[in-house]
Amino acid sequence: MALLALHGSVVAVTGGARGIGLATARALIERGARVALGDVDLDLARDAAAQLGPHALALPLDVRQRASFEAFLAATEERFGPLDALVNNAGIMPSGDFLAEPDAMSDAQIDVNLRGVILGCKVALPRLLAHGRGHIVNVASMAGRLPVPGLAVYCATKFAVVGLTETLAEEYRDSGVDFTAVLPAKVTTELAAGTERAGRGIPTVSAEDVAAAIVGALDHPVGEVTVPRYLKALAPLQSSAPRPVLRTVRRALGDRRILNELDAQARAGYTSRIARLAVTDSPEGAA
């Protein structure tokens, strides 16, 4: 473990134009870091960088393409110097019945939420290993520990990101590079649009809350952070409690509300935006 001095550090954030990515960039810059915002929506990223000031840099990024990721990190280092940390944040969350989800949308989730994180780690890690220090933060979800009916493929990608992060932490444990998985509950970004009824009773946090957790992990490296922190105790229950007991609790809590009570009209804008992934070659930015 090598503590990262945030002041003067160079951090790249994927999906940096909106939501958690933008909040994280803002929080890092407030701590004196220099931050590259990578996003497929370059105009939005440029607007964000202009608001954040001279320590922010907007760059195009398609997290599914190695060449794009290589160019993103190369441009970051050309402007600010050697990379100190990568925050893999870009992600999408379609919702609904598993069998009704088009294959192309399932592929898009796998490409953005999982393949994008894998590529980010593969491209950033050699840069960090060369300096014997650094940090990769992968934004997963509590849906990467707890199954949520109506989010089957999304959960699959986030479970995979948690597993990837834990394994890399062990594979490179003597390298000076740290790895953290951040697991938020429901976050009040566009990704959660239309879940007011469907998500009632689920702990809700802001993008700024998640950003604070990310910055905290960079300050004091840990393998996993839940947001809010008290949710950390739920994951062991999922694996240890008898299934009939879990199902009784889930039924009582109404864990199928994503399937039955989602507000499709309120979610229409987000759904339309990510639906373009099924027919184009450019993924959207972060949640």
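These numbers come from a predicted model, not from an experiment.

A. Highlighting the sheet that holds strand E3 (residues 56-60). The strand order E3-E2-E1-E4-E5-E6-E9 describes an open sheet built from seven strands, whose pairing is parallel. On the outer flanks of this sheet lie E3 and strand E9 (224-227), each paired with one strand and no other. In this sheet, adjacent strand axes meet at a mean angle of 20° when their direction is disregarded. Against the sheet, helix H1 (residues 19-30) makes contact with strand E1 (10-14), strand E2 (34-39) and E3, and its axis sits at roughly 170° relative to E2, the strand it touches most. Where helix H3 (residues 66-80) meets the sheet, it contacts E1, E2, E3 and strand E4 (85-88), and its direction lies at approximately 155° from that of E3.

B. Molecular detail of the packing of H3 against helix H4 (residues 103-131). Relative orientation of the contacting elements H3 and H4 amounts to 40°, with a least axis distance of 10 Å. It follows that H3 is oblique to H4 by the angle criterion. In the packing of H3 onto H4, the handedness of the crossing is right-handed. Facing Arg 66, Phe 69, Glu 70, Leu 73, Ala 74 and Glu 77 of H3, the residues of H4 in contact are Gly 116, Leu 119, Gly 120, Lys 122, Val 123, Ala 124 and Arg 127. Its residues placed into classes, the contact of H3 with H4 shows six nonpolar, two polar and five charged.

C. Spatial organisation of the nonpolar core. Among the nonpolar cores identified, the biggest contains 39 residues, and Leu 28, Val 35, Leu 37, Val 210, Ile 214 and Leu 218 are the most heavily contacted of them. When residues in this core are grouped by element, the largest group, eight residues, is from helix H6 (residues 207-219). When neighbours within four sequence positions are excluded, Leu 28 is seen to be in contact with Leu 6, Val 11, Val 13, Ala 33, Val 35, Val 215 and Leu 218. Counting residues in hydrophobic clusters, the runner-up holds 36 residues, among them Leu 57, Leu 61, Ala 90 and Ala 181.

D. Examining the pairing of strand E5 (residues 134-139) more closely. Among the six residues in E5, six count as buried, and that is most of the element. Burial along E5 is two-sided: the residues Gly 134, Ile 136 and Asn 138 and His 135, Val 137 and Val 139 are all buried. Where E4 and E5 come together, four bridges link them in parallel fashion. Looking across to E5, one finds that Ala 85 is bridged to His 135. Viewed along the sheet, the connection from E4 through H4 into E5 turns out right-handed. Summarising the sheet, E5 and strand E6 (residues 177-184) pair through six bridges and their orientation is parallel. Paired with Ile 136 across the two strands is Phe 179, which belongs to E6. Tracing the backbone out of E5, into helix H5 (residues 152-171) and back to the parallel element E6 gives a crossover that is right-handed.

About the criteria used
Residues take numbers from 1 onward in each chain, read along the sequence in its written order. Note on the predicted model: pLDDT of at least 70 is required for a residue's local features to be given, and 80 or more for side-chain atom pairs to be given and counted; whole-chain, interface and lining totals, by contrast, use all residues. As a convention, hydrogens and water are excluded, and side-chain values are obtained from all of the structure's heavy atoms. Pairing between strands is defined by DSSP: at least two bridges between the two strands are required. Each helix is a run of H or I in the DSSP string that is no shorter than four residues. Each strand is a run of E no shorter than two, and both are numbered from the N terminus. Fitted lines through C-alpha atoms give the axes, limited to the stretch in contact for helices. The angle between two N-to-C directions lies from 0 to 180 degrees. Throughout, a contact is declared for two residues whenever any of their heavy atoms are within 4.5 Å. Under this scheme an angle from 65 to 115 degrees is roughly perpendicular, one under 35 degrees roughly parallel, and one over 145 degrees roughly antiparallel; angles in between are oblique. By the definition used in this description, the sense in which the near helix is turned from the far one sets the handedness, with an anticlockwise turn below a right angle giving left-handed and a clockwise turn giving right-handed. In this classification, the charged set is Asp, Glu, Lys and Arg, the nonpolar set is Ala, Val, Leu, Ile, Met, Phe, Trp, Tyr, Cys and Pro, and all remaining amino acids, among them Gly, are polar. To form a nonpolar core, buried Ala, Val, Leu, Ile, Met, Phe, Trp, Tyr and Cys residues must be joined to one another through side-chain atoms within 4.5 Å. Using a 1.4 Å probe on the protein chains alone, a residue whose accessible area is under 20% of its type maximum counts as buried, one over 50% counts as exposed, and one in between counts as partly exposed. The handedness of a crossover follows from its direction of travel: if, with the strands pointing away from the viewer, the path from the first strand over the helix to the second runs clockwise, the crossover is right-handed.

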